[in-house]
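# Per-entry structural report
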Amino acid sequence: MSKRKNPRESTNPNSEFCGFLMELAEYEKNVNRNIHKYNAYKKAASVLAAQPKRIQSGEEAKKLDGIGDKISKKIEEFIQTGKLRKIENIHNDEKAQAISMLTRVSGVGPVKAAELVKDGIITIEDLKKNKQLLNHHQLIGLKYFEDFEKKIPRSEIQAIENKLKALVFDLDSNFTITICGSFRRGKPESGDIDVLATHPSLKLGGAKKKHGETMLKRLVDHLEGLVIDVISMGDTKFMGVCRLSDNLPARRLDIRLTPSDQYHCAVLYFTGSDVFNKTMRTHALEKGFTLNEYYLRPIGSTGVPGEPVPITSEEDIFDFIEYPYKKPEERNL
Ligand code: 8DG
Ligand code: CA
Ligand code: CA
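Each residue is numbered by its place in its chain's sequence as written, counting from 1. Chains and ligands are labelled sequentially in the order written, the chains with letters from A and the ligands with numbers from 1. Owing to the predicted nature of the model, reporting of local features is limited to residues with pLDDT of at least 70; listing and counting of side-chain atom pairs is limited to 80 or more, with chain, interface and lining totals taken over all residues. To get the side-chain values, take all heavy atoms of the structure and skip hydrogens and water.

The name given to the protein in an unreviewed UniProt entry is DNA polymerase, with the source organism recorded as Papilio machaon.

Moving on to the nonpolar core. Phe-20, Leu-21, Leu-48, Ile-67, Ile-75 and Leu-127 are the most contacted members of the largest nonpolar core, which totals 40 residues. Breaking this core down by element, the ones donating at least two residues are α2 (15-30), α3 (35-49), α5 (69-81), α6 (85-92), α7 (94-102), α8 (110-118) and α9 (124-128). Each helix corresponds to a stretch of at least 4 residues labelled H or I by DSSP, and each strand to a stretch of at least 2 residues labelled E; elements are numbered beginning at the N terminus. Ranked by residue count, the leading element in this core is α2, at 7 residues. If sequence neighbours within four positions are ignored, Leu-127 has contacts with Leu-102, Val-105, Leu-116, Ile-121, Leu-134 and Leu-142. Put simply, a nonpolar core is a bunch of buried Ala, Val, Leu, Ile, Met, Phe, Trp, Tyr and Cys residues held in one set by side-chain atoms that sit within 4.5 Å of each other. Here the term buried applies to any residue with accessible area under 20% of the maximum for its type, exposed to any over 50%, and partly exposed to those in between, with areas from a 1.4 Å probe on protein chains only. Contacts between residues were defined by any pair of non-hydrogen atoms, one from each residue, lying within 4.5 Å.

Where a metal carries four tetrahedral donors, each ideal angle is 109.5 degrees; where it carries six octahedral donors, the ideal angles are 90 or 180 degrees. Coordination of the calcium ion (ligand 3) by the protein involves Asp-192 (OD) and Asp-194 (OD), with metal-donor separations of 2.2 to 2.3 Å. Between the calcium ion (ligand 3) and the calcium ion (ligand 2), both coordinated by Asp-192, there is a metal-metal distance of 3.7 Å. Judged by its relative accessible area of 24%, Asp-192 falls in the partly exposed class. Judged by relative accessible area, which is 13%, Asp-194 ranks as buried. Here the coordinating atoms are restricted to nitrogen, oxygen and sulfur within 2.8 Å of the metal centre, or 3.2 Å for Na, K and Ca, and because water is not among them the sites may look incomplete.

Below, the discussion takes up unusual backbone geometry. In this structure, the amide linkage connecting Gly-272 to the following residue, Ser-273, adopts the cis form with an omega of -5 degrees. Unlike most non-glycine residues, Arg-33 shows phi in positive territory, near 50 degrees. Within the secondary structure, Arg-33 is located in the loop between α2 and α3. Backbone geometry at Glu-322 places phi at a positive 55 degrees, although glycine is not the residue there. Mapped onto the secondary structure, Glu-322 falls in the segment after α17 (314-320).

Let us now look at the packing of α2 against α3. In the contact formed by α2 and α3, the axes pass within 8 Å of each other and the chain directions differ by 165 degrees. Here α2 lies roughly antiparallel to α3, going by the angle between them. Of the two elements, α2 crosses α3, and the hand of that crossing is left-handed. In this structure, α2 uses Phe-17, Cys-18, Leu-21, Met-22, Leu-24, Ala-25, Glu-26, Glu-28 and Lys-29 to contact α3, whose residues at the interface are Ile-35, Lys-37, Tyr-38, Tyr-41, Lys-42, Ala-44, Ala-45, Leu-48 and Ala-49. Among the residues forming the contact of α2 with α3, the class breakdown is 13 nonpolar, no polar and 5 charged. Here an axis means a line fitted to C-alpha atoms, over the contact stretch when the element is a helix, while the angle between two N-to-C directions is reported on a 0 to 180 degree scale. The scheme is simple: roughly parallel for angles under 35 degrees, roughly antiparallel for over 145, roughly perpendicular for 65 to 115, oblique for anything else. Throughout, a crossing is termed right-handed when the near helix is turned clockwise from the far one, and left-handed when it is turned anticlockwise from it by less than a right angle. The residue classification treats Ala, Val, Leu, Ile, Met, Phe, Trp, Tyr, Cys and Pro as nonpolar and Asp, Glu, Lys and Arg as charged. All others, Gly included, are polar.

A separate point is the pattern of salt bridges. Any Lys or Arg side-chain nitrogen found within 4 Å of a carboxyl oxygen on Asp or Glu counts as a salt bridge. One pass over the full model with this rule turns up 20 salt bridges. Measuring nitrogen to oxygen at the nearest pair gives 3.8 Å for the salt bridge that ties Lys-287 to Glu-322. Of this pair, Lys-287 sits in the loop between α16 (274-286) and β8 (289-291) while Glu-322 sits in the segment after α17; the two residues are 35 residues apart in sequence, bridging distant segments of the chain. One salt-bridge network, held together by shared partners, links Lys-62, Asp-69 and Lys-73.

A word on the domain arrangement of the protein. Either an automatic procedure or a domain database provided the assignment from which the domain bounds are taken. Partitioning the protein into structural domains gives domain 1 (1-92), domain 2 (100-148), domain 3 (152-258) and domain 4 (272-330). For domain 2 versus domain 4, the distance between C-alpha centres works out to 37 Å.

UniProt positions are given in the numbering used here, feature names are shortened, and annotations may be inferred rather than shown by experiment. Taking the numbering used here, the UniProt-annotated feature "active site" (unreviewed entry) corresponds to Lys-74. The contact partners of Lys-74, leaving out residues within four places of it in the chain, are Phe-20, Leu-24, Tyr-41, Leu-84 and Lys-86.

Right, let's get into the sheet that holds strand β7 (residues 251-259). Here 5 strands make up an open sheet; going across it, the order is β2-β4-β7-β6-β5 and the pairing mixed. On the outer flanks of this sheet lie β2 (176-179) and β5 (227-233), each paired with one strand and no other. Each strand axis lies, on average, 25 degrees off the axis of its neighbour in the sheet, ignoring direction. Bridge analysis of strand β6 (residues 237-242) against β7 gives 6 bridges, and the strand direction is antiparallel. Within the sheet, the bridge partner assigned to Phe-238 lies in β7 and is Ile-255. Across the sheet, helix α12 (residues 154-171) lies against β2, β4 (193-199), β6 and β7, angled at about 165 degrees from β2, the strand it touches most. Each of β2, β4 and β7 is contacted by helix α15 (residues 263-271), which is oriented at about 175 degrees to β4, the strand it contacts most. For two strands to pair, DSSP has to find at least two bridges joining them.

If you want it as C-alpha cells, here you go:
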C-alpha cells in the first residue's frame, strides 16, 4: 500500500522546524514532565505549520505570535548549522531515550516510565519479562504494542464506523454516533478511534448517571465481533481494542456516552485538535464564557459561571462566543 502523506503536511515549507519542535514537545512531556514547555513547543509548531513560506531567520520567527526568544534562537541555530545541539544531546541521553520508548506503550505515562527506567527496565523486551510491574491497561498496551504503533488509514475507520453503527442501531436505532478526533478533522490517517455516542433518553447531565452506566455497557456488549479487548469500562467512558478483520491490526477504540444536551460541546471538544480547543477556550474567555467538554457557560461579573447556554448544534457554540465557524477540516492546528 502506498503511504501517501497528507498533502498539507508534505507541502509545509517549515516542516523541518515543526519536526524538531514536536520532538522537543514530546521530550518535555515524557521526560521532564513540563507541560508548559510541551504546550509552548506544540503551539510554536502549529504556528509555523500555518505559514505559507519557509521562515528565513530566528528574528523573523520571533515576530510570530507564540514564538518567543528561546524558540526563535533554536530556529536560528537550525538555519545556521542544519542541526540542533539540544536534540543531539537528547538522542545521546540513554535515560531519556528509554523513557521515550516506554511511554509509547499505551497506559504507560511519564511517571511510570521513569519508575521503570529506575528499576533498570529500558526496552520493550525488558517489559515483557517484567509483566508483574504492569497494570491491566499497560498489559494490553504491551500485548498490542506493534499494532498500536501503526496509524489507521481513513478507509479502515470508515469501515469500522459502518460496522459499529450497524451493530449499535441494531440494538437501538435512537443512538447518535459520531467519530471525532483526527478522523473528523479529515486526516488521511489516525492514531486511534474516538467515538461519541448519545441517546435521547440521556438528558440533564449527571442526573441519570446510573442509566448511562448500564446503557454504555449494553452498547459495548453488543459490539461482539468488533471489540476484542477491554481496557476499562466506566460510567460514561469505554476504553478498549477493536479489530475489523483478522488480516488487519488491532486498533485503540474509545467510546464516550454523553447526555444529549451536552452532545455538541462533547463533539467539539473531542474533534480537537487540542491546540484548536485551547485557542477556542481562550477566545471564549475573552468573550466572557467558559467552555469545556460538557457545556458553554457565561461568566458573571462575580466570576462565577452561570447556567449552561442551551446548545443545539456545534455552530451555536461558535455563534455565542462570536468566533468565525471553522469546519472540522479547518481545526488541524
Ligand atoms: P490522533 O488520535 O490521530 O493522534 O489525533 P487526535 O484524534 O487529534 O488526538 P486524541 O489524543 O485521540 O484526542 C482526541 C481529541 O480530544 C483531541 O483532538 C482534542 C481532545 N483533547 C483535548 N485535550 C486532550 C487531552 O489532554 N487528552 C486527550 N486524549 N484528548 C484531548 O483537547
Ligand atoms: Ca484520536
Ligand atoms: Ca483518543
